[in-house]
Amino acid sequence: MRGQALVGLTALGLLCGSGASAETVKVGVILPFSGVNADLGHQIDQAFDLYVKLHAKDIEPHKVELIKRDEGPPSGAEAKTAATELITRDKVKLLTGVVFSPSAIAMAPVVTQAKVPLVIANAGTAWITTLSPYIVRMSFSMWHPAYAMGIYAAKSLNCKTAAAGYTDFPPGKDSTEAFKTAFESNGGKVVDSIPMGNPAQVPDFTPFLQRVKDQHPDCFYVFIPSGAHAAGVVKTYGEVGLRQAGIKLIGPMDVVPDNKLQAMGDAAVGTIVMGHYAADYENAANKAFVKEWTAAYGADSSPDFMSAAGWDTMAAIFSVIKKLDGNLDDGQKVVDALKGWTFDGPRGVVQVDPETRDIIEDEHAEEVYKKPDGKLGIKVLGTVAKVKDPCKELKIGRCADQPK
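Bear in mind that the values here come from a model prediction, so they are computed numbers and not experimental data.

Draft legend 1. Up close: the state of the cysteines. In total, this model carries two disulfides according to the counting rule given. Note on cysteine connectivity: Cys 159 is disulfide-linked to Cys 219, with sulfurs 1.7 Å apart. In this pair, Cys 159 sits in the loop between α4 (143–155) and β7 (161–166) while Cys 219 sits in strand β9 (residues 219–223), placing the two residues 60 residues apart along the sequence. For the pair Cys 159 and Cys 219, one class covers both residues: buried. Here Cys 391 pairs with Cys 399 through a disulfide, and the sulfurs are 2.0 Å apart. Because the sign of the S-S torsion sets the handedness, a value of about 100° for the bond joining Cys 391 and Cys 399 places this disulfide among the right-handed ones. As far as the burial class goes, Cys 391 and Cys 399 line up, both buried. Disulfide connectivity for the chain, with bonded cysteines indexed by sequence position, reads 1-2, 3-4.

The following block contains the structure:
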């Protein structure tokens, strides 16, 4: 499938009697459709498809054609090639998707030169949006959950010491830096920082977690790619006996994604994460979203935080198509139309920060618990409202750079 166009999904639109010119807006979708991380792409892709199916009428008489390419492994090379082909050969007006930060980083000069906007649905390394004025992010910065978790761990979880484990690529390093910055600014101490393999394959986490157990910190902060890596960490956490040793498992929401949660079993119970979405959220928009999702994909299927961001991303794209009456030829006008965009979706109310082109969203401290029916669930312990990317707010490192 890699390098090949998937079947385009077209939102059906009927010409209305107003005489308006109907446009077919080509949108390039770049997601991992193969390899160990294919399930991550699948979660976003299903959200894209579902939104297009349910909201085609919103942009009539215009239509959307999603042209899909495999993101490939998390090196960025194949994503850059895919972006180039979508722009030059398929003549897309906008790019979206992108799970991995190296992909977005590699694509930045391509979209800048072509003046074709990239609306990111996942990739979270904080400084990505400084690489191009044509990048808008609908998902999160690694600093959104990690910085908030650093404060929460020190102030509310009674963690005096913490070890950090991370997948060794840009977002892993970014997440760990964010957590450490906040944790140590609030009186905590990170006693160890452990690279735990790469995102292309799931490692044996046993030696990393045994090292943590031997040091006996109060908390173990983990960032790994959601999906198979997360399942591996939680399973190993249970097997190595960190909970029995009194070490809390904490991290961003990637650690306990909804679509993997039930399979994690009792090892996940008590895990505390910071995040902006869980399928158990009670807001009206999320209840409707989950209902539509299970109707489309089955009662045993669950959206996760990547699905929610995918849904909001496509809602933003549809909003721009409607606002610009189907004419997305001017990339700067597309970006300008996205600045300040607000939406009440599955995550709650989100907004694109007009200054940074990054998302503003609530962050919630969440705990995994066992429901009366024996299934695992997520309960909210506390909320930090309307969080802007702390890395840019604090102007840390490359987050202080101006878009090139």
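Right, picking up where we left off after that structure.
Draft legend 2. Structural detail: the layout of surface pockets. Considered as a void within the structure, the largest pocket measures approximately 450 Å³ in volume. Taken together, the elements giving at least two residues each to the lining of the largest pocket come down to α8 (258–264), α9 (284–297) and β15 (376–387). Sorting elements by how many residues they give to the lining of the largest pocket places α8 first, with four residues. Computed from the structure, the second largest pocket encloses a volume of approximately 240 Å³. Lining the second largest pocket are 13 residues, with Glu 355, Thr 356, Lys 392, Cys 399 and Gln 402 positioned closest to its centre. Of the residues assigned to the lining of the second largest pocket, the class counts are three nonpolar, four polar and six charged.

Draft legend 3. Structural detail: the confidence of the model for the chain. Here the chain averages 94 in pLDDT, while 95% of its residues score no lower than 70. Counted against residues more than four places away or in other chains, residues 1–19, with its pLDDT under 50, gives 42 contacts.

Draft legend 4. Up close: unusual backbone geometry. The peptide bond linking Glu 60 to Pro 61 adopts the cis configuration, its omega dihedral lying at 10°. Take Pro 61: it is sitting in the loop between α1 (38–55) and β3 (63–70). Unlike most non-glycine residues, Val 98 shows phi in positive territory, near 70°. On the secondary structure map, Val 98 appears in the loop between β4 (94–97) and α3 (101–114).

Draft legend 5. Spotlight on the side chain of Ser 132. By the element assignment, Ser 132 lies in the loop between β5 (118–120) and β6 (135–137). Among the polar contacts listed, one links the side chain of Ser 132 to the backbone nitrogen of Tyr 134, at a separation of 3.0 Å.

Draft legend 6. Spotlight on the packing of α1 against α9. Interhelical geometry of α1 versus α9 gives an angle of 100° and a closest axis separation of 11 Å. The angle between the axes of α1 and α9 places the two elements in the roughly perpendicular class. When α1 is examined against α9, the residues Gln 43, Gln 46, Ala 47, Asp 49, Leu 50 and Leu 54 are found in contact with a partner set consisting of Glu 292, Trp 293, Ala 296 and Tyr 297. The class makeup of the residues in the contact of α1 with α9 is six nonpolar, two polar and two charged.

Rules used in this analysis
- Residues numbered from 1 in each chain as written.
- Predicted model: local features only at pLDDT ≥ 70, side-chain atom pairs only at ≥ 80, totals over all residues.
- Heavy atoms only, no water.
- Disulfide = S-S within 2.5 Å.
- Helix = DSSP H or I, 4+ residues; strand = E, 2+ residues; numbered from the N terminus.
- Buried < 20%, exposed > 50% of the residue type's maximum accessible area, 1.4 Å probe, protein only.
- 1 Å grid on protein atoms, 1.4 Å probe; cavity = no way out; pocket = protein on both sides within 12 Å on 5 of 7 lines; lining within 4 Å.
- Points joined across faces, edges and corners; volume = space filled by probe spheres on them.
- Nonpolar A, V, L, I, M, F, W, Y, C, P; charged D, E, K, R; others polar.
- pLDDT = per-residue confidence, 0-100.
- Contact = heavy atoms within 4.5 Å.
- Polar contact = N/O pair within 3.5 Å; in protein donor to acceptor, adjacent residues only side chain to side chain.
- Axes fitted to C-alpha atoms, helices over the stretch in contact; angles between N-to-C directions.
- Parallel < 35°, antiparallel > 145°, perpendicular 65-115°, else oblique.

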